[in-house]
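Each chain, written out:
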Amino acid sequence: MADPVFDRLEATIRERRDAPADTSYTASLFAKGRPKIAQKLGEEAVETVIAACSGDEASIVPEAADLMFHLAVLLADAGLSLDDVRVELERREGVGGLVEKAARAG
Ligand SMILES: N=c1c2ncn([C@@H]3O[C@H](COP(=O)(O)OP(=O)(O)OP(=O)(O)O)[C@@H](O)[C@H]3O)c2ncn1[C@@H]1O[C@H](COP(=O)(O)O)[C@@H](O)[C@H]1O
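In short, a report on the structure. (Residues numbered from 1 in each chain as written. Predicted model: local features only at pLDDT ≥ 70, side-chain atom pairs only at ≥ 80, totals over all residues.)

**Some thoughts on the site of the ligand**
Okay, step 1: Close contacts around the ligand come from Leu9, Thr12, Arg16, Ser24, Tyr25, Thr26, Ala27, Glu43, Asp66 and Phe69, and that covers them all.
Okay, step 2: Put simply, the parts of the chain that give the shell around the ligand at least two residues each are helix 1 (4-16), helix 2 (25-32) and helix 4 (60-77).
Okay, step 3: Each residue belonging to the shell around the ligand can be placed in one class, and the counts come to four nonpolar, three polar and three charged. (Near = placed C-beta within 6 Å. Helix = DSSP H or I, 4+ residues; strand = E, 2+ residues; numbered from the N terminus. Nonpolar A, V, L, I, M, F, W, Y, C, P; charged D, E, K, R; others polar.)

In structure tokens form, the structure reads like this:
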């Protein structure tokens with residue numbers, strides 16, 4: 001993702017795809033398959049929402065990190081990467097959300 005931490009994380013996640021499930025949390029997620037990975041991503045999203053509404057701003061960061069990790073695993077399971085998301089965000093640069101929504105409605 002043009003960031004060393006994200007790049008190293010994604011490299012580790014890719015390595016874990018072929019690791020035995022009982023040696024690694026990431027490997028165990030891959031072994032359980034897409035529905036489990038998606039479920040965990042949803043749980044982490046909810047935990048991020050709860051943190052966001054808790055009034056404890058610092059508690060958002062660890063939940064957001066869990067969310068990003070599980071998103072990276074889901075993307076890897078689909079043969080995608082955070083860089084694909086970066087490219088999509090880059091493509092959207094300069095197109096305001098309200099303008100984009102109006103174009104979809106029209
Ligand atoms: N960044 C992370 C990371 N963030 C969160 N998690 C794990 O994600 C899980 C979050 O699930 P929960 O909070 O629901 O905890 P849980 O109760 O253990 O989960 P369940 O049993 O309910 O499914 C925890 O086990 C966390 O440890 C992560 N596990 C791994 N990584 C990275 O992935 C690398 C490889 O990890 P392994 O695959 O475990 O070797 C690590 O070195 C890290 O860099």
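**Here's the deal with the environment of Leu74**
Okay, step 1: With respect to the secondary-structure elements, Leu74 resides in helix 4.
Okay, step 2: The class for Leu74 is partly exposed, based on 16 C-beta atoms found within 10 Å.
Okay, step 3: Counting along the chain gives 41 residues from Leu74 to Gly33, while the straight-line C-alpha distance between them is 9.5 Å.
Okay, step 4: Excluding residues within four positions of it along the chain, Leu74 makes contact with Ile37, Ala38 and Leu41. (Buried ≥ 20, exposed ≤ 12 C-beta atoms within 10 Å, placed from the backbone. Contact = placed C-beta atoms within 7 Å.)

**Concerning the nonpolar core**
Okay, step 1: If you look at the biggest cluster of nonpolar residues, it comprises nine residues: Leu9, Ile13, Leu29, Phe30, Ile37, Leu41, Ala72, Val73 and Ala76.
Okay, step 2: Residue assignment for this core shows that the elements contributing at least two residues are helix 1, helix 2, helix 3 (34-52) and helix 4.
Okay, step 3: Per-element accounting of this core gives the leading share, three residues, to helix 4. (Core = buried A, V, L, I, M, F, W, Y, C linked by C-beta atoms within 7 Å.)

**Structural notes on helix 3**
Okay, step 1: The terminal C-alpha atoms of helix 3, which comprises 19 residues, lie 27 Å apart, in line with the 27 Å expected from a rise of 1.5 Å per residue.
Okay, step 2: Those residues of helix 3 that sit buried are Ile37, Leu41, Thr48 and Ala51. Along helix 3, the residues classed as buried sweep out an arc of 80 degrees about the axis, all on the same side. Facing away from the buried side of helix 3 by more than 90 degrees, the exposed set consists of Pro35, Gly42, Val46 and Ile50. (Expected span 1.5 Å × (residues − 1). Arc of directions from axis to C-beta.)

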